[in-house]
Amino acid sequence: MVDTGLSQLIPVLFSPFLSFFYSPSDFGNLAIFMAISILAAMISSGLYEFGIVLPKEDRDAQNLLGVIIFLSLIFFAFATIGSIIAVQIFNYESFYYLVPASILFSVALNVVSYWYNRFRKYKLLNVVRVLQAVVIVGSSFLFSNFGSFGLVYGYVAGGLFVFTIFAGILFKNFDGISWTGIKEQMQIHKKFPIMMLPSSLINTFSSYGPVFFIKRFYNSYTLGSFSMTNRVLTAPSSVISTAVGQIFFKDISEAHHNGDLASIRKQFYNSTLVLGIISICCFVPLFFYGKEIMMFVFGPKWSDAGEYMEIIAIGSVIKFVVSPLSIILVVLGKINKLARWQTLYFITTSIIFIIGSFYSIKTLLWLYTAHEIVLYIIYYLIIIKIVKNE
């Protein structure tokens, strides 16, 4: 868990140094590039990587690798054509040429993660993630002399590093892959692209939606300031929140297995209290001094990011508390409630950004923050109702 947290923190820890070499617009280009790569990778693989841990026989898992390679190469071909059209005809920036490769690298990272999980190589997986983060940061410094797209090149370099590991896994298991096996596994696990992919896309787009809306209705400078704010707020709090959430998950899973509902309720309210105290201590100071902190750490050109931080920090207070607690819905078998809330969140987020795009970015962020507070309060009330009625 320490290594996983370290891989998330490395880019944040080095962001103040990278900010001396790159402008907010450069970080905006990175944000849109990452968002496209991550969302498209889900479509590219059909989420078949989720099935890697399921088969009893290794040969079936090997053929799932074949399924993913087959689908990803087809998607890669279409993405390559799309990127050429985007740059040559619609005059998009040249870094969009790298989108197809980045999509393939993102798929590779997901496959490596599930493959190592299948064989319980958790430490090795964490080492890979940390090394990827180091390669991304190191390459970003190295490519700072190659123009404003250095951050994008650094991100792609990190993906290439993971892809070499994926290629090694594929090479070792290639003999077990057959066309008959590929077709068989594609049919057996068709629930992933048919049933799981749509809801996963909705959930992921809810997270990355702001990136697309801000890029479309504002500019790369504004997007870069927003993405830096999001990066600084999300990564450290995610590490803390995930750590508490994993302990909470372990405790309530054991209590649920033993049929101890009283213990589940106690753990829920105690975790709410702990997360609430941490959240207030972390985010309330940012509401008052976010701009001063950002300018001190990153420099005066990031003053806008500091103003955005002061707005978004309020919504982060409730989000920090509720997100790790939502795992209780999975433990209690109430996934349908989770899916309904995610759908509501996606719809309302889209509406907020469509309406807010007619106003200034600060007005939009205030609307977005109010939306986050309301939706996560509703989410928490749903969880409380389920916990009380169990």
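Note that the coordinates shown come from a computational prediction; the quantities given were computed from them, not determined experimentally.

So, on to the pattern of salt bridges. Throughout the structure, instances matching the rule amount to five salt bridges. Salt-bridge contacts for E307 lead to K362; the nearest nitrogen and oxygen are separated by 2.4 Å. In this pair, E307 sits in helix α11 (residues 303-325) while K362 sits in helix α14 (residues 361-389), placing the two residues 55 residues apart along the sequence. On the accessibility criterion, E307 (17% relative accessible area) is buried. For K362, a relative accessible area of 37% puts it in the partly exposed group. By sharing partners, the salt bridges in this structure join K291, E307 and K362 into a single network.

Right, let's talk about the nonpolar core for a bit. Among the nonpolar cores identified, the biggest contains 94 residues, and L65, Y116, F268, I328, Y379 and I383 are the most heavily contacted of them. The element best represented in this core is α14, accounting for 12 residues. For I383, the contacting residues outside a window of four places in its chain are F268, V322, L325, S326, I328 and L329.

Attention now goes to the packing of aromatic side chains. A full pass over the atoms with the stated rule returns 33 aromatic pairs. A centroid spacing of 5.5 Å and a plane angle of 25° characterise the contact between F213 and F353, whose relative ring orientation is stacked. Separated by 140 residues along the polypeptide, F213 in helix α8 (residues 191-217) and F353 in helix α13 (residues 335-356) bring together distant segments of the chain. No difference in accessibility class separates F213 from F353, as the two residues are buried.

Of note, L47 is a non-glycine position whose phi angle comes to about 60°, a positive value. Relative to the elements of secondary structure, L47 occurs in the loop between α2 (24-45) and α3 (58-88). Residue classification places L47 among the buried residues on the basis of a relative accessible area of 3%. One non-glycine residue with positive phi stands out, namely N91, at about 60°. The topology assignment puts N91 in the loop between α3 and α4 (99-118).

As a further point, take the side chain of S144. Looking at the secondary structure, you find S144 in the loop between α5 (122-142) and α6 (150-173). Relative accessible area serves as the criterion here: at 17%, S144 is assigned to the buried category.

The grouping of F70, I74, F78, I81, I85, I89, F90, Y92 and W179 at the surface amounts to a nonpolar patch, some 960 Å² of accessible area in total. Within the secondary structure, F78 sits in helix α3. Here F78 falls in the exposed class, since its relative accessible area comes to 59%.

Scoring rules and cut-offs
- Residues numbered from 1 in each chain as written.
- Predicted model: local features only at pLDDT ≥ 70, side-chain atom pairs only at ≥ 80, totals over all residues.
- Heavy atoms only, no water.
- Salt bridge = Lys/Arg side-chain N within 4 Å of Asp/Glu carboxyl O.
- Helix = DSSP H or I, 4+ residues; strand = E, 2+ residues; numbered from the N terminus.
- Buried < 20%, exposed > 50% of the residue type's maximum accessible area, 1.4 Å probe, protein only.
- Core = buried A, V, L, I, M, F, W, Y, C linked by side-chain atoms within 4.5 Å.
- Contact = heavy atoms within 4.5 Å.
- Phe/Tyr/Trp six-rings, centres within 6.5 Å; stacked < 30°, edge-to-face > 60°.
- Patch = residues over 30% accessible without salt bridge, like charges linked within 9 Å, V, L, I, M, F, W, Y side chains within 5 Å.
- Areas by Shrake-Rupley, 256 points an atom, 1.4 Å probe, with all protein chains shown as cover.

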